[in-house]
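# Inside the fold
Spelled out from the first residue to the last, the chains are:
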Amino acid sequence: VTVEPAGEGPAARILVVEDEPRFRRFLSVSLGARGYRVLEAGDAASAIRVAAEHAPDLVLLDLGLPDADGMEVLRRLREWSEVPVVVLSAREREGQKVEALDAGADDYLTKPFGAGELMARVRVALRHAGRFGAGPGDSVFRTGDLEVDRAARRVTVRGRPVHCTPIEYRLLQTLVRHAGRVVTHRILLEAVWGPHGAEQMHTLRVHMAALRRKIEEDPARPGLLVTEAGVGYRLDDGGGRE
Ligand code: CA
């Protein structure tokens, strides 16, 4: 068995919050096999306790817990911690994951999912935390043929300058800041139109389509600006691939 390095320095500590024993075991074994150190909690109360005692680098959080809603754990965590949280949601509770993202979760996985998808999300969340937690960060973002220089506010595709309208640039900038992770409609709408942005849903789609025509190789089959149905958009940063 090849054990790949945990990505960011010493093995990251991951807190798995999941009440179903077999699924918790699947998560722990998958993560452990990749060299991550795993902490476990089967309910909301122990999740808060373990998070406070062991300061994990990442939390995988099931939303359906026996003693409290996973949302409650997320809100409690966010009172004192910026630890990346990836929510594990059941398909029949789609609305809940949007609520969780708006409340400060970093990403989500819809059950059932495989080990490959799990590892991709974990890597993105850890890399993002590392990149934005320490150091000044690079002002130039690159993925595929796209380059966004945030200091110069310059967008290029295959080295060719792309002219973005102010709204398109604001959308792109917001997606870059969350690169690799899903950004909800609400977060995008507020970033561009402010607190009353929710009314601009149709306009958002129009601007995203325009942006795709400018940066995608094939706008009909977007590989960079990925639609997350019913949730929002994700800018692929290339890091999620195995
Ligand atoms: Ca559950």
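These numbers were taken from a predicted model, which means no experiment stands behind them. (Residues numbered from 1 in each chain as written. Predicted model: local features only at pLDDT ≥ 70, side-chain atom pairs only at ≥ 80, totals over all residues. Heavy atoms only, no water.)

A word on the overall build of the chain. Each helix and strand in the chain was counted, giving eight helices and 12 strands. Computed over C-alpha atoms, the radius of gyration of the chain comes to 18 Å, within 12% of the 18 Å expected from 2.2 N^0.38 for 242 residues, which places it in the range of a compact globule. With the principal axes as the frame, the chain shows a C-alpha extent of 50 × 40 × 30 Å. (Helix = DSSP H or I, 4+ residues; strand = E, 2+ residues; numbered from the N terminus. Rg over C-alpha atoms; globule rule 2.2 N^0.38 Å.)

Applying the stated criterion to the full structure yields 19 salt bridges. Within this structure, Asp107, Arg121, Glu228 and Arg234 form a network of salt bridges that share partners. (Salt bridge = Lys/Arg side-chain N within 4 Å of Asp/Glu carboxyl O.)

All right, on to the pairing of strand β5 (residues 107-111) then. Judged by how many residues are buried, β5 sits mostly within the fold: four of five residues are covered. With five bridges connecting them, strand β4 (residues 85-90) and β5 associate as parallel partners. Residue pairing across strands places Val86 opposite Asp107, the latter belonging to β5. For the segment spanning β4, helix α4 (residues 94-102) and β5, crossover handedness is right-handed. (Buried < 20%, exposed > 50% of the residue type's maximum accessible area, 1.4 Å probe, protein only. Pairing = 2+ DSSP bridges. Right-handed = clockwise from strand over helix to strand, strands pointing away.)

With that out of the way, let us pick up the packing of helix α6 (residues 166-177) against helix α8 (residues 201-215). Between α6 and α8, the shortest axis-to-axis distance is 10 Å and the interhelical angle comes to 80°. By the angle class used here, α6 and α8 are roughly perpendicular. Residue-level contacts link Ile167, Glu168, Leu171, Leu172 and Leu175 of α6 to Leu204, His207, Met208, Ala210, Leu211, Lys214 and Ile215 of α8. For the contact of α6 with α8, the residue count by class is nine nonpolar, one polar and two charged. (Axes fitted to C-alpha atoms, helices over the stretch in contact; angles between N-to-C directions. Parallel < 35°, antiparallel > 145°, perpendicular 65-115°, else oblique. Contact = heavy atoms within 4.5 Å. Nonpolar A, V, L, I, M, F, W, Y, C, P; charged D, E, K, R; others polar.)

Next up on the list: the sheet that holds strand β12 (residues 232-235). Read across the open sheet, the three strands follow the order β10-β12-β11; overall the sheet is antiparallel. Edge strands, defined here as strands with exactly one partner in the open sheet, are β10 (182-184) and β11 (225-228). Each strand axis lies, on average, 30° off the axis of its neighbour in the sheet, ignoring direction. Examined bridge by bridge, β11 and β12 share four bridges and lie antiparallel to one another. Looking at the pairing, Glu228 lines up with Gly232 of β12.

Ideal values for angles at a metal depend on the geometry: 109.5 degrees with four tetrahedral donors, 90 or 180 degrees with six octahedral donors. Protein coordination at the calcium ion: the donors are Asp19 (OD), Asp62 (OD) and Gly64 (O), at 2.2 to 2.3 Å from the metal. In primary-sequence terms, the residues that donate to the calcium ion follow D-x42-D-x1-G. Here Asp62 falls in the buried class, since its relative accessible area comes to 5%. (Donors = N, O, S within 2.8 Å, 3.2 Å for Na, K, Ca; no water.)

Let's shift gears to the confidence of the model for the chain. Per-chain confidence: the chain averages 87 in pLDDT, with 90% of residues scoring 70 or above. Low pLDDT (under 50) marks residues 1-9, which in the prediction has 13 contacts with non-local residues, meaning those over four places away or in another chain. With pLDDT under 50 throughout, residues 132-136 is counted as low confidence; its partners more than four residues away or in other chains account for one contact. (pLDDT = per-residue confidence, 0-100.)

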